[in-house]
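Listed here are the chains, written in short residue letters.
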Amino acid sequence: MMDRRQLLKSSAALGALACAPALFAAPAGAASGSAEDARLNALFDRIMTEAQDRSPEFVTSLGYDKGERAAAKGKLDDRSLGAWEEDKARTRRQLAELKAIDRSKLTGLGPSNYDAVLFGTELQDQFNQLPMVGGPYAVSQLGGAYQGVPDFLDSQHSIETSADAEAYLSRLGALATAIAQENEQVRHDAGVGVIPPDFIIKRTLAQLKTLAAAPPASANLVQSLARRTAEKHLAGDWEGRAGKIYTTQIQPALASQIALFESLAPKAVHEAGVRRLPRGEELYALGLKAFTTSTMPPAEIHKTGLALLAEQNAELDTLFRGLGMTQGTPGARLKALYADTRYHYPNTDPGKEQLIADLNKLVEKISARLPEWFGTLPKARLDIRRVPKATEEGAPGGYYQPGALDGTRPGAY
């Protein structure tokens, strides 16, 4: 249900960002990189530049929305079908340029960097050849501008000056356009036979309706700007201006997306798997490759998964019996465990904040033990945050669904 194209978006650029600084890393006293290394490094630079030109949201995520790229701070990504076609052409060109590099002449980390970027670019090109914009769904309960942009504005769009606040307002208005563009993606995909299953439509509608029903006084899209401009003592009617954009542009855009999904609901089926979709088997295989980097056939991965599932269910059975829970499948007992109020946090703001705090404490404990299993450690710390309140109602409680472990409920695909 995740958007595979969003996952892979700018994958080559991200690889270049990670690789280019180390491209010419060589042992002390060794000669500098070869001419082919220089060609590869220059290509990485172009790929990164093109990724930033393409995505102002990417620019902000890198913290580069200042100086010569300051204009990016007032824009959102182009989600139009025309931009999708341009993206596909760009990926094809970049792939051809990568393949023109003579890998055998690369030195140091060059071959590894080349392989990493080539893998992502080839995979993106393969996704691009599928008939749908989404991967598999352009908008769902797990993705879409309605869900991602509010969090992006709140957590990544920094506000220090009045210019930053003005850029926020510009992006807020652009959200209505982004939603309209994604509506076109959804219509395109429905036209080729790609409609989300009924349970995805139900959850997506619940979240859209919750967001659309929120008045400006409680809408995070408005209150994020109001709160942060107040903290910075920036003069101006920021809440009022944001509220007007919200009521005159955002809420009507959300209403149009709600109407679109309601029109699709009667056509939806209950089957979760993508096999029913056009070229669904290929989509599934590419999804596995994207998340595992493995070329193992899906059927073999499925067989391995069933074996692991049996092993883990046996472990769960032992743990459940220790709790006195001896009846039912592992999935049924997990569901009962979830329903046991002894293990619940209060369904209140303080209770939710305590849950987030406890989870971050667990992250700290796990992070402290990472050196026991890994030689290379992440540079950025994992920080678990609460999703915007406006999108909480109807949102899934993570990726796990009770019953998935024993096959009584459809899996993620």
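Only a predicted model underlies this, so the values are computations on that prediction, with no experimental measurement involved.

1. Quick word on the overall build of the chain
Here comes step 1: Helix and strand content of the chain: 15 helices and zero strands.
Here comes step 2: Residues classed as buried in the chain amount to 41% of the 413 residues present.
Here comes step 3: Here the analysis covers contacts within the chain between residues at least 6 apart in sequence; of these, 77% occur between residues at least 24 apart.

2. Concerning the nonpolar core
Here comes step 1: If you look at the biggest cluster of nonpolar residues, it comprises 42 residues, and the most contacted ones within it are Leu175, Leu225, Ile250 and Leu254.
Here comes step 2: Elements represented by at least two residues in this core include exactly helix H7 (145–155), helix H8 (162–191), helix H9 (198–213), helix H10 (220–231) and helix H11 (238–264).
Here comes step 3: Per element, the largest residue contribution to this core is 11 residues, and it comes from H11.
Here comes step 4: Filtering out sequence-adjacent residues up to four positions away, Ile250 remains in contact with Leu172, Leu175, Ala176, Leu221 and Ile245.

3. A short note on the pattern of salt bridges
Here comes step 1: Enumeration over the complete set of coordinates arrives at 28 salt bridges.
Here comes step 2: Of the charged contacts in the structure, one is a salt bridge between Asp87 and Arg54, with a shortest N-O distance of 2.6 Å. Here Asp87, found in helix H5 (residues 81–99), pairs with Arg54, found in helix H3 (residues 35–54); they are 33 residues apart in sequence, far enough to count as distant.
Here comes step 3: Judged by relative accessible area, Arg54 falls into the buried class, the value being 18%.
Here comes step 4: In this structure, a network of salt bridges that share partners links the residues Arg46, Glu50, Arg93 and Glu97.

4. Looking at the packing of aromatic side chains
We describe a pair of aromatic rings using the distance from one ring centre to the other and the angle between the two ring planes.
Here comes step 1: With the rule as written, the count across this model stands at zero aromatic pairs.
Here comes step 2: Positioned above the aromatic ring of Trp84, the side-chain terminus of Lys88 is 3.9 Å from the ring centre.

5. Brief notes about the environment of Tyr345
Here comes step 1: As for its placement among the helices and strands, Tyr345 is situated in the loop between helix H14 (330–339) and helix H15 (349–369).
Here comes step 2: For the pair Tyr345 and Leu355, spaced 10 residues apart in the sequence, the C-alpha separation amounts to 6.9 Å.
Here comes step 3: Residues contacting Tyr345, with those up to four places away along its chain left out, are Gly351, Gln354, Leu355 and Asp358.

6. Some details on empty space enclosed by the protein
Here comes step 1: With the rule as written, the count across this model stands at two cavities of 30 Å³ or more.
Here comes step 2: Space inside the largest cavity adds up to approximately 50 Å³.
Here comes step 3: Surrounding the largest cavity, Tyr137, Ala138, Val139, Val186, Asp189, Val194 and Pro196 form its lining.
Here comes step 4: For the lining of the largest cavity, the class distribution of residues is six nonpolar, no polar and one charged.

7. Quick look at the packing of helix H13 (residues 298–322) against H14
Here comes step 1: Taken N-terminus to C-terminus, the directions of H13 and H14 make an angle of 45°; their axes are 10 Å apart at the nearest point. In terms of orientation, H13 lies oblique with respect to H14. Handedness of the H13/H14 crossing: left-handed. Contact residues: Asn313, Leu316, Asp317 and Phe320 in H13; Pro330, Arg333, Leu334 and Leu337 in H14.
Here comes step 2: Its residues placed into classes, the contact of H13 with H14 shows five nonpolar, one polar and two charged.

8. Quick word on unusual backbone geometry
Here comes step 1: Note that the residue after Gly135, namely Pro136, is joined by a cis bond; omega there is 10°.
Here comes step 2: Take Pro136: it is sitting in the loop between helix H6 (110–128) and H7.
Here comes step 3: We note that His233 has phi near 55°; this positive angle belongs to a residue other than glycine.
Here comes step 4: One can find His233 in the loop between H10 and H11.

Cut-off values and rules
Residues numbered from 1 in each chain as written. Predicted model: local features only at pLDDT ≥ 70, side-chain atom pairs only at ≥ 80, totals over all residues. Heavy atoms only, no water. Helix = DSSP H or I, 4+ residues; strand = E, 2+ residues; numbered from the N terminus. Buried < 20%, exposed > 50% of the residue type's maximum accessible area, 1.4 Å probe, protein only. Contact = heavy atoms within 4.5 Å. Core = buried A, V, L, I, M, F, W, Y, C linked by side-chain atoms within 4.5 Å. Salt bridge = Lys/Arg side-chain N within 4 Å of Asp/Glu carboxyl O. Phe/Tyr/Trp six-rings, centres within 6.5 Å; stacked < 30°, edge-to-face > 60°. Lys NZ or Arg CZ within 6 Å of the ring centre and 35° of its normal. 1 Å grid on protein atoms, 1.4 Å probe; cavity = no way out; pocket = protein on both sides within 12 Å on 5 of 7 lines; lining within 4 Å. Points joined across faces, edges and corners; volume = space filled by probe spheres on them. Nonpolar A, V, L, I, M, F, W, Y, C, P; charged D, E, K, R; others polar. Axes fitted to C-alpha atoms, helices over the stretch in contact; angles between N-to-C directions. Parallel < 35°, antiparallel > 145°, perpendicular 65-115°, else oblique. Left-handed = near helix turned anticlockwise from the far one by under 90°.

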